There are 2 protein chains.
Amino acid sequence: MFQLDLKSRKSIYEQVTDNLKELIMTGTLASGEKLPSVRELSKTITVNPNTVQKAYRELERQGYIYTTSGVGTFVADVSQITADAHSLELAKAALDDAFKQLLFLGLSYDEAREIAGEIMEQRRLSDD
Amino acid sequence: MFQLDLKSRKSIYEQVTDNLKELIMTGTLASGEKLPSVRELSKTITVNPNTVQKAYRELERQGYIYTTSGVGTFVADVSQITADAHSLELAKAALDDAFKQLLFLGLSYDEAREIAGEIMEQRRLSDD
DNA sequence: TAAGTGTACCATGCACCATAGTACACTGTC
DNA sequence: GACAGTGTACTATGGTGCATGGTACACTTA
């Protein structure tokens, strides 16, 4: 389904969250589609069920999936997802931080801008 | 000198590191200029000396400052700083992650691109 | 000599993460 | 009704990294 990086600074449950979010938002997991159960996914990616559950809980809180008790977890209608102000500010700050990282590595402004452009361009096709 | 955000997910020593790096790379702290001593800065920003030292050690490792034992810590010649491949990859990944955050918040590709453009534009003047 | 500097430790408390294990309520199927 | 599978909620444990407090030492400058 996806790959984990145990050496990453990101915690495992965050990686699971982000990976699933990507699969959902790019349409690889369609709206209404059933996600693997907590126990099943935990076996697949060799992680504790609690860790998977934490990721699912977070995704539900953010509106990407929904749960029917006793039945399973399903992909929500992501066309309804709208950016709340707080998350938007966080994302903006993260992008500013990343761009600063590029600049402060010694690259010129134009070089950094060029690299950023390439990276963003690669995200053009895999989107809505 | 700068402000800390205790509610941030970033650790304090990382915030100190990043803030100083920004002051250095934007020229607010000139090459050769003396930085506040570990103990002095720790008092100024109300943080443990060990935490400041950790930030200084990191900045020295990355080449932004240098130390003369018994004398003090000084801003290095940052025009010599060059991006190593590994740091560059990390920065690229961070930028990709941040841009994904924007996209997956429900923004259209063009909207995300527009916002990213504005953020990067604000970094144009404060650079070399 | 004295003060200020970087530097290196150690110990402690805290928060977060990941794991292991148990338990319960719900749903669908046989 | 019984059972399997589902989400969910706990508790407990160990590990890691962070921040703090404290001590100590070598160095340089006045």
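For the structure itself, look to the data block above.
From a predicted model like this one, the values you see are computed outputs, not experimental measurements.

1. So, the overall build of chain A
Stage number 1. A count of helical and extended segments in chain A gives five helices and two strands.
Stage number 2. In chain A, the order of α-helices and β-strands from amino to carboxyl end is α-α-α-β-β-α-α.
Stage number 3. With the C-alpha coordinates aligned to their principal axes, the bounding extent of chain A is approximately 55 × 35 × 25 Å.
Stage number 4. The long-range share in chain A, meaning contacts at least 24 apart out of those at least 6 apart in sequence, stands at 44%.
Stage number 5. Of the roughly 7,400 Å² of accessible surface on chain A, 50% is carried by carbon and sulfur atoms.

2. Remarks on the interface of chain A and chain B
Stage number 1. Each partner contributes to the interface: chain A provides 42 residues, whereas chain B provides 42 residues.
Stage number 2. When chain A packs against chain B, the two sides together hide about 4,100 Å² of surface, and 64% of this comes from carbon and sulfur.
Stage number 3. Across the pair D96(A) and R123(B) runs a salt bridge whose closest N-O atoms are separated by 2.8 Å.
Stage number 4. Counting every contact that joins chain A to chain B gives 16 residue pairs in polar contact (both at pLDDT 80 or more).
Stage number 5. Mapped by element, the contributors of at least two residues to the side of chain A that touches chain B are α1 (12-25), α4 (85-104) and α5 (109-121) of chain A.
Stage number 6. Class assignment of the residues belonging to the side of chain A that touches chain B gives a composition of 21 nonpolar, six polar and 15 charged.

3. Observations regarding the relation of the copies chain A and chain B
To go from the first copy of the chain to the second, apply a rotation about an axis and then a shift along the same axis.
Stage number 1. If you rotate chain A by 180° and push it 0.0 Å along the axis, it lands on chain B with an RMSD of 0.1 Å. In short, the pair behaves as if placed about a two-fold rotation axis. Rotation axis and chain A: the residue whose C-alpha lies nearest the axis is L95(A), separated from it by 2.9 Å.
Stage number 2. Of the residues that chain A buries at the interface, 100% are likewise interface residues in chain B, meaning the two copies contact each other through the same surface.

4. Things to note about the protein's contact with DNA strand C
Stage number 1. Within the structure, DNA strand C sits among 23 residues, and I12(A), N48(A), N50(A), T51(A) and T67(B) are positioned closest to it.
Stage number 2. Here, DNA strand C places atoms within 4 Å of the protein, and 66% of those atoms are sugar or phosphate.
Stage number 3. A distance of 2.8 Å is found between a base nitrogen of DNA strand C and a side-chain nitrogen or oxygen belonging to N50(A).
Stage number 4. Measuring from a phosphate oxygen of DNA strand C, one finds a backbone N or O atom of V38(B) at 3.0 Å.
Stage number 5. Residue assignment for the surface near DNA strand C shows that the elements contributing at least two residues are α1 and α3 (49-61) of chain A together with α2 (38-44), α3 (49-61) and β2 (72-75) of chain B.
Stage number 6. Across the surface near DNA strand C, the residue classes break down as six nonpolar, 13 polar and four charged.

5. Some remarks on the packing of α4(A) against helix α1 (residues 12-25) of chain B
Stage number 1. Their axes nearest at 11 Å, the elements α4(A) and α1(B) cross at an angle of 50°. In terms of orientation, α4(A) lies oblique with respect to α1(B). Between α4(A) and α1(B) lies a crossing of left-handed hand. For the pair α4(A) and α1(B), the contacting residues are K100(A), L103(A) and F104(A) in the first and K21(B), E22(B) and M25(B) in the second.
Stage number 2. Looking at the contact of α4(A) with α1(B) residue by residue, the classes come out as three nonpolar, no polar and three charged.

6. Some details on the packing of aromatic side chains
All names here are of chain A.
Stage number 1. In total, this model carries four aromatic pairs over all chains according to the counting rule given.
Stage number 2. Measuring from ring centre to ring centre gives 5.8 Å for F99 and Y109, while their planes differ by 90°; the resulting arrangement is edge-to-face. Note that F99 is positioned in helix α4 and Y109 in helix α5, a separation of 10 residues in sequence.
Stage number 3. We classify Y109 as buried; its relative accessible area is 6%.
Stage number 4. Looking at K54, its charged tip hangs above the ring of Y13, at a distance of 4.4 Å from the centre.

7. As for the environment of Y56(A)
All names here are of chain A.
Stage number 1. Note that Y56 resides in helix α3.
Stage number 2. Sequence-wise, Y56 and T68 are 12 residues apart; in three dimensions their C-alpha atoms are separated by 13 Å.
Stage number 3. Leave out the neighbours within four places in its chain, and Y56 touches L20, L35, P36, S37, V38, L41, I65 and T73.
Stage number 4. At a separation of 2.7 Å, a polar atom in the side chain of Y56 contacts the main-chain carbonyl oxygen of P36.

Conventions used here
- Residues numbered from 1 in each chain as written.
- Chains lettered and ligands numbered in written order.
- Predicted model: local features only at pLDDT ≥ 70, side-chain atom pairs only at ≥ 80, totals over all residues.
- Heavy atoms only, no water.
- Helix = DSSP H or I, 4+ residues; strand = E, 2+ residues; numbered from the N terminus.
- Contact = heavy atoms within 4.5 Å.
- Areas by Shrake-Rupley, 256 points an atom, 1.4 Å probe, with all protein chains shown as cover.
- Buried area = accessible area lost by both parts, 1.4 Å probe.
- Salt bridge = Lys/Arg side-chain N within 4 Å of Asp/Glu carboxyl O.
- Polar contact = N/O pair within 3.5 Å; in protein donor to acceptor, adjacent residues only side chain to side chain.
- Nonpolar A, V, L, I, M, F, W, Y, C, P; charged D, E, K, R; others polar.
- Least-squares fit on C-alpha atoms with pLDDT ≥ 70 in both.
- Near = heavy atom within 4 Å.
- Axes fitted to C-alpha atoms, helices over the stretch in contact; angles between N-to-C directions.
- Parallel < 35°, antiparallel > 145°, perpendicular 65-115°, else oblique.
- Left-handed = near helix turned anticlockwise from the far one by under 90°.
- Phe/Tyr/Trp six-rings, centres within 6.5 Å; stacked < 30°, edge-to-face > 60°.
- Buried < 20%, exposed > 50% of the residue type's maximum accessible area, 1.4 Å probe, protein only.
- Lys NZ or Arg CZ within 6 Å of the ring centre and 35° of its normal.

Just distances and angles here, no functional claims.
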